Structure formats: C-alpha cells, structure tokens
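Letter by letter, the chains look like this.
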Amino acid sequence: MTTNNKKQLIWHIGDPKTGSTSIQRAFATQSVDAGDRTVECFRPHGTHTNSVAPARALKKKNPKGVARWFRKINDWANESQANYLVVSAETFGNVRPRLIKNAMQKYLTDYADTAKVISYIRPHASRFLAAYTQRTKMGVAYDSYNDLIVGIQRQKALFYAPRVSRWGSAFGDHYTLRPFVRSELRENDVVQDFFHEIFGDDSFTIKNKIEANTGLSTHALMGVKFFHQYLKDADVSNKARKTLARCLYQYHIPKAETSRPRPVLDKGTLETLYETYHEDAQAVDNKFFDHPLMFDALEKARAEAPEEPTDFSLNTHYSEDEQNQLKILFRDIVKLQAGHEKLWLSYLNFTKKLIQLSEPQLSLLKDNKATVDEMDGLLAEVASIFQ
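Predicted model only: the values in this text are computed from it and were never measured. (Residues numbered from 1 in each chain as written. Predicted model: local features only at pLDDT ≥ 70, side-chain atom pairs only at ≥ 80, totals over all residues. Heavy atoms only, no water.)

## A word on the overall build of the protein chain
Note the cut-off: Helix numbering and strand numbering both begin at the N terminus, where a helix is a DSSP run of H or I of at least 4 residues and a strand a DSSP run of E of at least 2. Between buried and exposed lies partly exposed: a residue is buried under 20% and exposed over 50% of the maximum accessible area for its type, with that area taken using a 1.4 Å probe on protein chains only. His is not counted here, nor are the chain ends, while Lys and Arg score as positive and Asp and Glu score as negative. Taken as the charge centre is NZ of Lys, CZ of Arg, CG of Asp or CD of Glu, depending on the residue.
Scanning the protein chain for helices and strands turns up 17 helices and 7 strands. Taken along the three principal axes of its C-alpha coordinates, the protein chain extends 65 × 55 × 40 Å. Residues counted as buried form 52% of the 387 residues belonging to the protein chain. Separation of charge centres in the protein chain, based on 53 positive and 47 negative side chains, amounts to 8 Å.

Structure (structure tokens):
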C-alpha cells in the first residue's frame, strides 16, 4: 500500500449484490475516518460515487467516452490530496481487464503500474436468489424460479471462474478477490472488509452504520410485483414506475417491514443450480481461496433446501380486501405522479441520501413540497399494507 504520501489508485468492480451500494454510500456520507491516512472516491458527476458512466464507456468500447472519462479520473487523481483513490462501479466487473489496463496505460500513466483491483463474489445459490428478488423489485414479472434459471442458462450467466481468472491473469498480485460470505468478512461486514483491504489494517472507524438494499419478505416482494403490474397497466412510464418502486422498496418498506419470511430456494431449484455451477465453484475455490468456500456454500444450500417451493401467488399473501385497498392507493399514485417524472428521482435521492442534490434539484423538491408530501404519505400507506 501507499507510503510517503504516494497515491494508489484502486478499482472496486463489484460484483452485483455484494454490498457495492453500501461501500459507495460510505464514501458519499464521508463515514470513513483513518486518521492521517485519507481515502477518496471518484464522483463522475460531482455528486454520486458510482462510476457507471466510465465503466459503460469501456464496456461499449467507446474511444471518445473512454478518453473523456479517464482524463477526468486522471485530473481528479492529480488534484486529490488523498492517499487512496477509489473508482467504484459494479459495471467494471464485466469489462475485459485488458481494456481497463490499456486505458490506464494511456491516460493514467502515473497510476497504472501500482493500481489495485478489489472485487467480491457471492456464492452461486445466494447470488441466484438475490438476482431473482432484485429483478422482481425492478419490475420483471417471473412466475417461478424456473423462469430465471432458463434465462441465465441461456446467457451462461453466474459462471465466475472464467471472468475472475481473466482479472487475476491481468493484474496478478494487484487483484484481490474476496468472498461475500458473512463469516469470511472483516467483522462480518463488507464495508469494514473493503476498507481493511485498502488500509491493510483495522486502524480506521466507520462513523455511521451503512446498510443499503436490504432484502424483502416474500409478502412485501409480491406487493412490489403487484405495484409494478398496476402501474404498467395504467401506462405509467417505465422511468417513473421504477423510480417510485425504488422509493417503496429502498425507503418505505424497510421502515415498516416486520420479520415475515423471505424467499428461499427449494430443493428442485438447488439441484439444478448444483448441477450447473458446482464445477465453477470448485474452480474458483482452487484458484483464489485456501478452502472450499464457494463449493461448500453451494452444497450447504442444497442440503438445507426445503422440498416445497416458495409460494409467489398474490392471493396467498393479500386478501381480496387488501388488494382492493392497494388498488385505491395505486390509483391515487398514478394520478399524482403524472407530469412530475423528474421530481421522483430527486425525491428518491433525497429520502435515501444517495447523492448530494444539486441546487436545481433541491429547488424542484421545495417548489413541489405539497406533491412530494402527498406521495410520501401514499407510499407509506402502501408500505404499511406490505408489512
């Protein structure tokens, strides 16, 4: 790691569903205190700490976009007084490592030789379940786990070994792969673990409790699915619908939800996942970990899986009366959201403190306070029924 005020560039590349939002929020809220050692995260638009734009430029092989973003990163790195310079985006994980190496050698010459890459991977079964719930929250209407299995098998998704091996070959000792397994994380926490990897010790504190994208119960998840379907049928724009759904599942539902059971993978689904991924799990363990973490996690999930699949029927979770109550609230939300598409993203970012809002965004919220307050009340009522 860096000494004598030298700067080190660190790429945080995900994977998805491994706490990236929590890590980015630790930077956004300036929650890390390491005394004389300082760490800073690149903010591509001056506000949020997710560098998805430069990652997409690389992924799309857009030379003008790569040049523009990597020059911005270089200017930021040169101007920063921090010892550790982090660029964070899950999208980097699906970029060919040679593309990021080539871009660094061309635009980040002072940092290329010492740059470090940190990534996390989640065990296959847990990652599959997280993908299912996340996609459902975002409005993809699956009837069962099998709908997603067919898709990921066709796309050859969730095979870690080929991808992480490419990163290992490209960056050698400068590539760190960490298991997103609670018992393996520093203090059982990914944020603590990430900053331990940066500083190399525990001489730092996280001043605020950082938790993002918490899971939903099956009951709440089916409620969010119902919300999406109603707004789709009402011809609400995809952007407004998805933003309002995020307001629900990222802000209102976590405040209201109780300890209802969450979705679990059944034995039939686990058998399919085991047959598909057990060799990949073994390959990752053999190359990157000193004991069989990924394989053991897959076997444990398989052994503990219940016979019966999770019931994703709306009628199982909500009575006819509750569905009618929700429809009335959804109808009012549809009416209220019309003509205010830009407002809801500012509202989401304000309530979740995802980014520092610009003056125009703050003015938009102030000028529409009555509308925002009314929407806030409607979403809170919806969340109370989802409880």
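## Some points on the packing of aromatic side chains
Under the convention used in this document: Side-chain rings of Phe, Tyr and Trp (the six-membered ring for Trp) are treated as a pair once their centres are within 6.5 Å; stacked means planes under 30 degrees apart, edge-to-face means over 60, and tilted covers the remaining angles. Two conditions define a charge located above a ring, namely a distance within 6 Å from the ring centre to NZ of Lys or CZ of Arg, and an angle within 35 degrees of the ring normal.
A full pass over the atoms with the stated rule returns 25 aromatic pairs. By the ring-pair criterion, three or more aromatic residues cluster together here, those being Phe27, Tyr84, Phe194, Phe195, Phe199 and Phe204. Looking at Lys72, its charged tip hangs above the ring of Trp69, at a distance of 4.7 Å from the centre. Taking NZ or CZ as reference, Arg302 lies 3.8 Å from the ring centre of Tyr274, over its face.

## Observations regarding the sheet that holds strand 1 (residues 8-12)
So the rule is basically this: Following DSSP output, two strands are said to pair if at least two bridges run between them. Interaxial angle, 0 to 180 degrees, is taken between N-to-C directions of lines fitted to C-alpha atoms, where a helix line uses only the stretch in contact. By definition in these notes, contact holds between two residues if any of their heavy atoms fall within 4.5 Å.
Read from one edge to the other, the open sheet built from 5 strands follows the order 3-4-1-5-6, with strand pairing classed as parallel. In this open sheet, the two strands that pair with only one neighbour each are strand 3 (39-41) and strand 6 (175-179). Strand-to-strand, the axes of this sheet are offset by a mean angle of 25°, without reference to chain direction. Two elements, strand 1 and strand 4 (residues 84-88), share 5 bridges in a ladder whose sense is parallel. The residue bridging Trp11 from the neighbouring strand is Val87, located in strand 4. Where helix 3 (residues 63-79) meets the sheet, it contacts strand 1, strand 3 and strand 4, and its direction lies at approximately 155° from that of strand 4.

## Concerning the pairing of strand 4
With 5 of its 5 residues buried, strand 4 lies for the most part within the structure. As judged from the 3 bridges shared by strand 3 and strand 4, these two strands associate in the parallel manner. Across the sheet, Val39 pairs through a bridge with Tyr84, a residue of strand 4.

## Topic: the pairing of strand 5 (residues 116-121)
Burial of strand 5 is extensive: 6 of the 6 residues sit out of reach of the surface. Judged by which residues are buried, strand 5 turns out to be covered on both faces: Lys116, Ile118 and Tyr120 on one side and Val117, Ser119 and Ile121 on the other are all buried. As paired elements, strand 5 and strand 6 share 5 bridges and run parallel to each other. Of the residues in strand 6, the one forming a bridge with Tyr120 is Arg178.

## Examining the pattern of salt bridges
The following threshold applies: A pairing counts as a salt bridge when a side-chain nitrogen of Lys or Arg comes within 4 Å of a carboxyl oxygen of Asp or Glu.
By the definition in use, this model includes 9 salt bridges. Residue Arg178 pairs with Asp193 through a salt bridge whose shortest N-O separation is 2.7 Å. You can see Arg178 sitting in strand 6 and its partner Asp193 sitting in helix 8 (residues 190-199), a full 15 residues away along the chain. Of the charged contacts, one joins Lys300 and Glu304 as a salt bridge, the two residues approaching to 3.0 Å between their closest N and O atoms. Taken together, the residues Lys300 and Glu304, both in helix 12 (residues 293-304) and 4 residues apart, mark about one turn of the helix. Glu304 sits in the exposed class, given a relative accessible area of 55%. Salt bridges here are not isolated pairs; linked through shared partners, they connect Arg178, Asp193 and Glu197.

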